[in-house]
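Chain by chain, the residues run as shown.
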Amino acid sequence: MPEVVHYDNLQQYLLRKNGNYLYKVPFRGGWAVLKNYYGSRSWFTYVKKTLCNLAYCNQTSFMPKGRLKTELECMRIWREAGFRVFDVYDDVIVEGMAEGGYALFEYVDGIRFVIYFADKRVPIEQKLETWRRFLPIWHRRHALAIERREPRLVHENGDMKHVMILPDGQFLFFDFEMAYRSPDRVPEAVAHEILAYLKSLCKTVGKKYWELALRETIEYYPDRKILESVYRYQFCHPNPVMRTARFLDRTLRPSRRKFFSKYNVARRLHAMLTHGR
């Protein structure tokens with residue numbers, strides 16, 4: 001029989017409100033994270049985003065139950081492939097929560113990449129050593145996704161905010177509410193993920209070290225062809241419609257000309273891969 005738990009006042013346990021509601025709740029003598037997918041967004045937003053995702057963005061449903069289903073599926077796939085994700089307490093019912101609209105996850109005491117790599121007290125040599133340890137693990141997942149044509153092995157919302165360093169040195173990945181859908185577009189999804197991570201990394205370490213971070217990535221990421229695909233899908237997309245859309249995006253939107261825009265990071269990575277400088 002499933003265990004039934006009840007919390008009289010969830011607000012006192014509120015951990016974060018970011019569209020969803022996350023609560024750090026007492027559980028089995030310790031803590032757990034209760035995630036309510038029926039968050040602060042309106043139903044109009046859920047429907048609009050879902051239609052956009054399904055029709056144009058090659059992504060899964062944005063509806064609360066759809067995001068829960070996607071997240072649990074992705075976590076199962078990643079876990080079975082050997083990547084560290086949160087454990088799920090799927091044998092527990094939380095009274096007062098909408099069925100099919102919440103999940104109870106393990107609580108872990110780790111430090112997110114975005115905090116670690118921005119911390120000026122951590123020597124740059126130590127940060128680079130951590131990044132070097134991360135790169136083969138990152139690449140293994142990308143290679144598996146491409147080999148298996150499995151879009152759910154791509155981190156749709158992947159960046160420095162959604163990886164933790166655990167006390168035992170493992171890397172824990174989280175936030176899988178959305179996933180890509182098309183098996184035929186997995187290489188493009190991988191390229192998009194890599195660029196999102198690198199843009200986030202460069203912005204986090206700042207102008208002093210961003211090119212060093214890119215050089216380390218080129219040296220220690222095991223497959224240069226996958227790295228080269230980052231530039232190709234941004235500037236030379238094989239689909240002429242997407243190629244035109246990217247051109248208009250980087251030409252017409254002022255934000256795309258910022259120093260750490262995705263296009264600038266892609267250009268610099270391409271120059272380093274092509275010319276070594």
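Residues numbered from 1 in each chain as written. Predicted model: local features only at pLDDT ≥ 70, side-chain atom pairs only at ≥ 80, totals over all residues. Heavy atoms only, no water.

(A) Representation of the sheet that holds strand β7 (residues 111-112) in the model. The sheet built from three strands is open, its strands ordered β7-β8-β9 with antiparallel pairing. Pairing within the sheet leaves two strands with one partner each, and these edge strands are β7 and β9 (171-173). Here β7 pairs with strand β8 (residues 163-165) via two bridges, running antiparallel. Bridging across to β8, Ile 111 finds its partner in Ile 165. (Pairing = 2+ DSSP bridges. Helix = DSSP H or I, 4+ residues; strand = E, 2+ residues; numbered from the N terminus.)

(B) The environment of Glu 156, seen in detail. Tracing the sequence through the fold places Glu 156 in the loop between α4 (124-148) and β8. The exposure class of Glu 156 is buried, given its relative accessible area of 18%. C-alpha of Glu 156 to C-alpha of Val 230: the two residues are 74 residues apart in sequence and 15 Å apart in space. Here Gln 59 takes part through its side chain, which lies 3.1 Å from a polar atom of the side chain of Glu 156. (Buried < 20%, exposed > 50% of the residue type's maximum accessible area, 1.4 Å probe, protein only. Polar contact = N/O pair within 3.5 Å; in protein donor to acceptor, adjacent residues only side chain to side chain.)

(C) Quick look at the nonpolar core. Phe 113, Trp 131, Phe 134, Trp 138, Ile 194 and Leu 198 are the most contacted members of the largest nonpolar core, which totals 64 residues. Counting residues per element, this core draws most heavily on helix α5 (residues 186-205), which supplies ten residues. Residues contacting Leu 198, with those up to four places away along its chain left out, are Trp 131, Trp 138, Leu 214, Thr 217, Val 265 and Leu 269. Core analysis: the second largest hydrophobic core is formed by 14 residues, Val 5, Val 25, Leu 34 and Val 94 among them. (Core = buried A, V, L, I, M, F, W, Y, C linked by side-chain atoms within 4.5 Å. Contact = heavy atoms within 4.5 Å.)

(D) The side chain of Arg 67, seen in detail. Examined against the element boundaries, Arg 67 turns out to sit in helix α2 (residues 64-80). Residue classification places Arg 67 among the buried residues on the basis of a relative accessible area of 0%. Within polar-contact distance, the side chain of Arg 67 engages the backbone oxygen of Phe 62 at 2.8 Å.

(E) Molecular detail of the pattern of salt bridges. Summed over all chains, the structure comprises 20 salt bridges. Note that Glu 73 is salt-bridged to Arg 152, the shortest N-O span being 3.4 Å. A residue pair is termed long-range when its members are at least 10 positions apart, and Glu 73 in helix α2 and Arg 152 in the loop between α4 and β8 qualify at 79 residues. The class for Glu 73 is partly exposed, based on a relative accessible area of 23%. Looking at Arg 152, the relative accessible area reads 26%, which means it is partly exposed. With a shortest N-O distance of 2.6 Å, Arg 268 and Glu 211 are connected by a salt bridge. Taken together, the residues span a long stretch of sequence, with Arg 268 in helix α9 (residues 262-275) and Glu 211 in helix α6 (residues 210-220) at a distance of 57 residues. (Salt bridge = Lys/Arg side-chain N within 4 Å of Asp/Glu carboxyl O.)

(F) Broad picture of the pairing of strand β2 (residues 14-17). Sheet topology places β2 next to strand β3 (residues 21-27); three bridges connect them, and they run antiparallel. Of the residues in β3, the one forming a bridge with Lys 17 is Tyr 21. Hairpin connection between β2 and β3: a loop of three residues separates the two successive antiparallel strands, and Gly 19 in this loop has a positive phi of roughly 100 degrees.

(G) Quick look at empty space enclosed by the protein. All told, the structure shown has one cavity of 30 Å³ or more when counted by the stated rule. Forming the boundary of the largest cavity are Phe 117, Ile 124, Lys 127, Leu 128, Trp 131, Leu 201, Val 205, Tyr 209, Leu 212 and Ala 213. If you list the elements that add at least two residues to the lining of the largest cavity, you get α4, α5 and α6. It is α4 that provides the largest number of residues to the lining of the largest cavity, a total of four residues. When the residues that make up the lining of the largest cavity are grouped by side-chain class, the tally is nine nonpolar, no polar and one charged. (1 Å grid on protein atoms, 1.4 Å probe; cavity = no way out; pocket = protein on both sides within 12 Å on 5 of 7 lines; lining within 4 Å. Points joined across faces, edges and corners; volume = space filled by probe spheres on them. Nonpolar A, V, L, I, M, F, W, Y, C, P; charged D, E, K, R; others polar.)

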